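Descriptive structure summary
Residue-level listing of the chains:
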Amino acid sequence: MAKLTLYYGTMETGKTTKLIQDHYNYSKYLLKVILLKPKVDTKGGSTVVTRIGENIKCDLLIPKTANLLSKKYFDKYKYMQFILVDEAQFLTKRQVNELWFIAHKYNINVVCYSLKSNFKGDLFEGSSQLLARSDEKHELTVNCSCGKTAMFNARRVNGKYIYDGKEVVIDGAYENVEYIPLCSDCYLSFVLNGKMPK
Ligand SMILES: [Zn+2]
């Protein structure tokens, strides 16, 4: 039977590299695969890009308002064996439930690749529901520059760590925004300056 699988972690844990590898492997065995991406992520437009320069064409962009069970979308993947979703943290809670339903009702495997938390350390709507609904979960990790396991995606603007702002500001969309994987100790000291957040 099909299942909903989640790969999640901070920035730079190789989520998209894993997606591209999985896509290649499934295609190699002639399995029918479709690649989806929430439309809010403007990085690379309709292309899925990794930080090490590989890229792959996305088959379908999903706006926040899309009902994944509606004919318009469902017709695109009803004969697929795998649905892969890049940047799945940007799915809505309802869309995650729809993907869970598709996996179990229609026997199509769904594999989501997602950031766990935003730059403040809170779960995204999509990752929160994916952690609740996925049949299988795999955490991918990367080390902070100090050597400990990174827990946070700290936002840095013009080289300075910041704790305020909108949840979604895509790196690369503004040249001066970047995200740095930090461990808890480095996040507390560099981003929160040792203080309890408001
Ligand atoms: Zn650290």
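Residues numbered from 1 in each chain as written. Predicted model: local features only at pLDDT ≥ 70, side-chain atom pairs only at ≥ 80, totals over all residues. Heavy atoms only, no water.

Quick word on the overall build of the protein
Condition: Secondary structure follows DSSP: runs of H or I at least 4 residues long count as helices, runs of E at least 2 residues long count as strands, and numbering of each begins at the N terminus. Atoms counted for the radius of gyration: C-alpha only. Globule rule: 2.2 Å times residue count to the power 0.38. Relative accessibility under 20% of the residue-type maximum defines a buried residue, over 50% an exposed one, and the middle range a partly exposed one, all with a 1.4 Å probe and only protein chains included. Each accessible area value is a Shrake-Rupley result obtained with a 1.4 Å probe; residue values ignore everything except the protein chains displayed when judging cover. All tallies of charge rest on Lys and Arg as positive and Asp and Glu as negative; His and the ends of each chain are not included. Taken as the charge centre is NZ of Lys, CZ of Arg, CG of Asp or CD of Glu, depending on the residue.
The helix and strand inventory of the protein stands at five helices and eleven strands. Taken over C-alpha atoms, the radius of gyration comes to 17 Å for the protein, in line with the 16 Å a tight globule of 198 residues would show. Overall, the C-alpha framework of the protein stretches about 50 × 30 × 30 Å when taken along its three principal axes. The buried share of the protein, reckoned over its 198 residues, is 46%. Surface exposure of the protein reaches about 10300 Å², of which carbon and sulfur atoms provide 53%. Averaging the coordinates of the 29 positive side-chain charges in the protein and doing the same for the 20 negative ones gives two points 4 Å apart.

A word on the domain arrangement of the protein
The condition is simple: Domain ranges listed in this record stem from an automatic or a database domain assignment. Only heavy atoms matter for contacts: two residues are in contact if any of them lie within 4.5 Å across the pair. Summed over both partners, the accessible area lost on bringing two parts together, with a 1.4 Å probe, is the buried area. For this document, the term salt bridge refers to a Lys or Arg side-chain nitrogen within 4 Å of an Asp or Glu carboxyl oxygen. N or O atoms within 3.5 Å of each other form a polar contact, as long as, within protein, one can give a hydrogen and the other can take it, and as long as residues adjacent in sequence are counted only when both atoms are side-chain atoms. Amino acids outside the nonpolar list (Ala, Val, Leu, Ile, Met, Phe, Trp, Tyr, Cys, Pro) and the charged list (Asp, Glu, Lys, Arg) are all regarded as polar, and Gly is one of them.
Taken as a whole, the protein is organised into domain 1 (4-139) and domain 2 (152-191). Look at where the C-alpha atoms of domain 1 and domain 2 centre, and you get two points 24 Å apart. If you look at the interface, domain 1 gives 17 residues, while domain 2 gives 16 residues. By the criterion of area lost to domain 2, the three top residues of domain 1 are Met-11, Phe-119 and Lys-120, representing 49% of everything that side buries. Inspection of the domain 1/domain 2 interface yields zero salt bridges. Where domain 1 packs against domain 2, one counts four residue pairs in polar contact (both at pLDDT 80 or more). Partitioning the side of domain 1 that touches domain 2 into residue classes produces seven nonpolar, five polar and five charged.

Considerations on the sheet that holds strand E10 (residues 160-162)
Note the threshold: Strand pairing is assigned whenever DSSP identifies at least 2 bridges connecting the two strands. Between the N-to-C directions of two axes lies an angle of 0 to 180 degrees, each axis being a line fitted to C-alpha atoms and, for a helix, fitted only over the stretch in contact.
Read across the sheet, three strands follow the order E10-E9-E11 without closing on themselves; strand pairing throughout is antiparallel. Edge positions in the open sheet fall to E10 and strand E11 (177-182), since each of these has one partner strand only. Strand-to-strand twist of the sheet, defined as the mean angle between neighbouring strand axes without regard to direction, takes the value 45°. Note that strand E9 (residues 152-157) and E11 share six bridges and pair antiparallel. Across the sheet, residue Ala-154 finds its bridge partner in E11, namely Ile-180. On the sheet, helix H5 (residues 184-191) packs against E9, E10 and E11 and is oriented at approximately 135° with respect to E11.

Side note on the coordination of the zinc ion
For the record, the criterion: Counted as donors are N, O and S atoms no farther than 2.8 Å from the metal, or 3.2 Å for Na, K and Ca; water is not among the atoms, and sites may therefore look incomplete. Only two sets of limits are used to name each site, 85 to 135 degrees for every angle of a tetrahedral four-donor site, and over 155 degrees for opposite donors with all other angles from 65 to 115 for a square planar four-donor or octahedral six-donor site, with any other site named irregular.
Bound to the zinc ion are the protein donor atoms Cys-144 (SG), Cys-146 (SG), Cys-183 (SG) and Cys-186 (SG), situated 2.3 Å from the metal. If you look at the zinc ion, its four donor atoms make angles of 105 to 117° with each other, and the shape they trace is tetrahedral. The motif formed by the donor residues of the zinc ion, counted along the single chain, is C-x1-C-x36-C-x2-C. Of this pair, Cys-144 sits in the loop between strand E8 (136-139) and E9 while Cys-186 sits in helix H5; the two residues are 42 residues apart in sequence, bridging distant segments of the chain.

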